[in-house]
Every structure is written in structure tokens, then in C-alpha cells.
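The primary structure of each chain is shown beneath.
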Amino acid sequence: MLAVQLTEWGTEPRLREVAVPEPRGEELLLQVTAAGLCRSDLHVMDAAESSFEYPLPLTLGHEVAGTVIDAGAGADQSWLGEAVVVHGIWGCGRCRNCARGRENYCLTLRPRADGRLAPIGNGLGYHGGLAQAMVVPSARFLVRTGDLEPAIAAPLADAGLTAYHAVRRHADVIDESAICVVIGVGGLGHLAIQILRHFGAGRVLAIDNRPETLSAALRLGSDAAFADLASAIPELDEGADLILDFVGTSDTMESAARALAPGGRLAVVGSAGGCLGVGKRVGLAAGWQVDAPFWGARSDLAAVVEMAMGGTLHVEATTYPLADAVDIYQRLRAGTVTGRAVLVPPPLTGRTRRVEASRQISSVAREVRR
């Protein structure tokens, strides 16, 4: 099969031909139907070898939608034939955070003693979904997507999930009188605007320096859109209750901190390398909170999928063939991608019968459950 793999640190990935993986034990094999591209992939590509405890070559892709076409002997066979999206954080399922339903903060995923980042999940330490097929360790990392279009389902695994988790953590300050700000209306920010509306935010302001992106923000539900936060200050009244920074530079973080209302919250989601000094005497609004949420739990992913299936969350996605991966990554690096870029692999030619058999098995299983 074809796979987009990082073969050397600090280089662009390559389209290669590799063996189709065989599921064992509790593993499930997916035929990938769509896979989103993310700026996190660029950080992995650009990293030094000492940054990650990831073996190479590594198939990229942590936003993955697919169909379950095969299963190991110990796997839950009822998933065969199901359309799914993959929860990309493969936690242990046993630590105290996993037991709390906070798998995205699994204790086994913390950095190693030498500072290297441990494998997290598909495309981030384990082979991902920029391929015609991929293996998932267990059904507990899957969420059913029904008839949802794969190109819409795939970005929910990170762009949708991360935005939802960042908003949900601050649901207590989101109501009809809340003023919320989204900095960076890209792959995650355009979804955050809609999710804020879903949570009942009274006023949502969008900040981005790209005119075409600001037009999309207004179309997707923001009340106003500005090229920078300074221009939005007159609209903030006595400050913002919640600011979501999907950029994460020192400039965006510092300007956001100054724009908070007393008791306001700043959630920094973007990873552009910025730093913000915090302390009792640095001039932030009284009672402020600074948050750095990471991805989201499987329950958050299920909630995002439900929103998309119900028509209350719309993903701005453009699809491309898998073979265009390197070119689209370059466009992502240049900042010329609007919304989410999603790659669509060609179907596996040698698995047609197995896919059809899986669908028949799944159909029978559903009838039995009814």
C-alpha cells in the first residue's frame, strides 16, 4: 500500500510503498477513507532526533477516518464494516487520569526523563493514517461516524476535538452575556467559533490577519472580525470572559492577557513558541486563569461527532489525493490553506472481498442487537 512517511528528522516526508499491516490480538485494521493534515506534523518533521522518542520511518497522520475491514483474533468483531474516526491519543486506560475519562492526560504519555516526547498515538509515534490502511490497537480508540462524510469526520479527530475540549473546560463562564474571542481562525479556530455558539456564548469576536479567513469567520457565526486584537478593544466592553488563542506567539498571548475581564480565562492552544509570564503582580486582570489544554478525551470526540452528525458543526475542508501530501504540507507551512486540508487515499485493491464481508457481518450484528 501507499503511505506518507517521515524517514529522516528535519526533512519533508516521502510517499512510499509499504506492506499492508495485519491486525493481531485486539487490533483492528482500518481502510483509511480520509486523513487531515495538521501543523503539528510540521513540528514533528522539523524536530531534531533528540526531541521525540519516535522510531523512523513513521507514517504520519493523526486525523483519521476509515472503515474497519479486519480484526485480530481477540478484537471486538462487531466493529467490522463500521465507519469510524480514530481517537489519536492511545493512553494506557489504567492510570488515574484514564480512569477519570481524561485519556488526553494519560500519565504514561508524559515526557521521558531525558526530555524526549513519548509516542502518543497514530502519526505521533505509531504509524498513522496518511496511508491506505492503518492498525488501531483497540476498539476503545474508535468512535462511530455513521453516514458522516469521511472528509468531514477526519478533521474532528484533532481540529474539532481540540477546539471542543478547549471550550468545554470553560463552560462555566460561557453564557448569553459572555464575550469570547477566537484568535486565529484556521483549521481549529473556525470550529471553535461554532462550538462557542453551541455552548451559548452571547458574543463571539474573531481575530485573524487574513481577509478571506475573516469573511469565513463571519459566515460561521462570529459577531465581528478584526485583523488584530487591538482593533477589537472597543468591542470588548470591560474585557473578554474567554480568549482562545489558536496561534500561540508571545505577541498574541500578551495582547490576549491584557484584554481579559476580571475573572477572565485565556486558553492557549496554538504552539507557535510564545511564552507568557504569569504572577500576582504582572498586571493581568484580577482572578485571571491561563490554560494550556491538550487535545481532548474520547468523550469529547464523541460529542464533536454528534454535533457534526446533527448539522450544528460544519467543517471547512478541501480534499486532495494522498499523492499530493508533500505539496499540501508545503502550502500548510506557507499559511495558504484555509480551513482543513484532507487527503483521500485510493482504496486497497486486494481487500475488496474482505471489506464486503465485513460490512455483511456488521449488518447482521446490528440486526441481532435490535
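In what follows, the structure referred to is the one given above.
Peer 1: Is there a simple way to explain the sheet that holds strand 4 (residues 58-59) in this structure?
Peer 2: In space, the three strands of this open sheet follow the order 2-1-4, with antiparallel pairing throughout. Either end of the sheet is taken by a strand with one partner, and the two such strands are strand 2 (14-17) and strand 4.

Peer 1: How do you make sense of the environment of Arg168 when you look at a structure like this?
Peer 2: Considering the arrangement of structural elements, one finds Arg168 in helix 3 (residues 150-168). Along the sequence, Arg168 and Asp300 sit 132 residues apart, while their C-alpha atoms lie 8.7 Å from each other. With residues near it in sequence (within four places) discarded, Arg168 still touches Phe199 and Asp300.

Peer 1: Whenever I open this one, the pairing of strand 3 (residues 28-36) confuses me. Can you help?
Peer 2: Every other side chain in a regular strand lies on the same face of the sheet, so the side chains alternate between the two faces. Burial of strand 3 is extensive: eight of the nine residues sit out of reach of the surface. As paired strands, strand 3 and strand 5 (residues 63-71) are joined by eight bridges and run antiparallel to one another. Within strand 5, the residue paired with Val32 across the bridge is Gly66. Where strand 3 and strand 9 (residues 133-136) come together, four bridges link them in antiparallel fashion. Within strand 9, the position partnered with Leu30 by the bridge is Met134. Summarising the sheet, strand 3 and strand 18 (residues 340-344) pair through two bridges and their orientation is antiparallel. Bridging across to strand 18, Ala35 finds its partner in Leu343.

Peer 1: Sorry, what's going on with the packing of aromatic side chains here?
Peer 2: Between two aromatic rings, the relevant description is the distance of the centres plus the angle of the planes. All told, the structure shown has six aromatic pairs when counted by the stated rule. Measuring from centroid to centroid gives 5.8 Å for Phe294 and Trp295, while their planes differ by 85 degrees, and the two rings are edge-to-face. Residue class for Trp295 comes out buried when judged on its relative accessible area of 5%.

Peer 1: Just checking my understanding: could you explain the sheet that holds strand 14 (residues 240-245) for this structure?
Peer 2: Within a beta sheet, neighbouring strands are joined by backbone hydrogen bonds and run either parallel or antiparallel to one another. Pairing is parallel in the open sheet, where six strands are placed in the order 13-12-11-14-15-16. Strands with a single pairing partner mark the edges of an open sheet, and in this sheet they are strand 13 (224-226) and strand 16 (289-291). Within this sheet the neighbouring strands show an average axis-to-axis angle of 15 degrees, counted without direction. Pairing geometry for strand 11 (residues 179-183) and strand 14, over four bridges, is parallel. In the sheet register, Cys180 faces strand 14, and the bridge partner there is Leu242. In the packing of helix 5 (residues 211-220) onto the sheet, the strands contacted are strand 12 (203-207) and strand 13, and the crossing angle to strand 13 comes to about 165 degrees.

Peer 1: Can you walk me through helix 4 (residues 189-198) in this structure?
Peer 2: Count 3.6 residues to each turn of an α-helix, and residues three or four apart come out pointing the same way. For helix 4, a buried count of eight out of ten residues is recorded, marking the element as mostly surrounded by other parts of the structure. Every buried residue belonging to helix 4 is among Gly189, His190, Leu191, Ala192, Ile193, Gln194, Ile195 and Leu196, and all of these are buried. Looking at the packing, one finds that the buried side of helix 4 touches helix 3, strand 11, strand 12, helix 5, strand 14 and helix 8 (298-309).

Peer 1: I'm lost on the side chain of Asp291 in this one. Help?
Peer 2: Locating Asp291 in the fold gives a position in strand 16. The class for Asp291 is buried, based on a relative accessible area of 10%. A distance of 3.0 Å separates polar atoms of two side chains, one belonging to Asp291 and the other to His170. Excluding anything up to four places from it in sequence, Asp291 contacts Arg169, His170, Leu266, Ala267 and Val268.

Reading the values: the criteria
Residues numbered from 1 in each chain as written. Predicted model: local features only at pLDDT ≥ 70, side-chain atom pairs only at ≥ 80, totals over all residues. Heavy atoms only, no water. Pairing = 2+ DSSP bridges. Helix = DSSP H or I, 4+ residues; strand = E, 2+ residues; numbered from the N terminus. Contact = heavy atoms within 4.5 Å. Buried < 20%, exposed > 50% of the residue type's maximum accessible area, 1.4 Å probe, protein only. Phe/Tyr/Trp six-rings, centres within 6.5 Å; stacked < 30°, edge-to-face > 60°. Axes fitted to C-alpha atoms, helices over the stretch in contact; angles between N-to-C directions. Polar contact = N/O pair within 3.5 Å; in protein donor to acceptor, adjacent residues only side chain to side chain.

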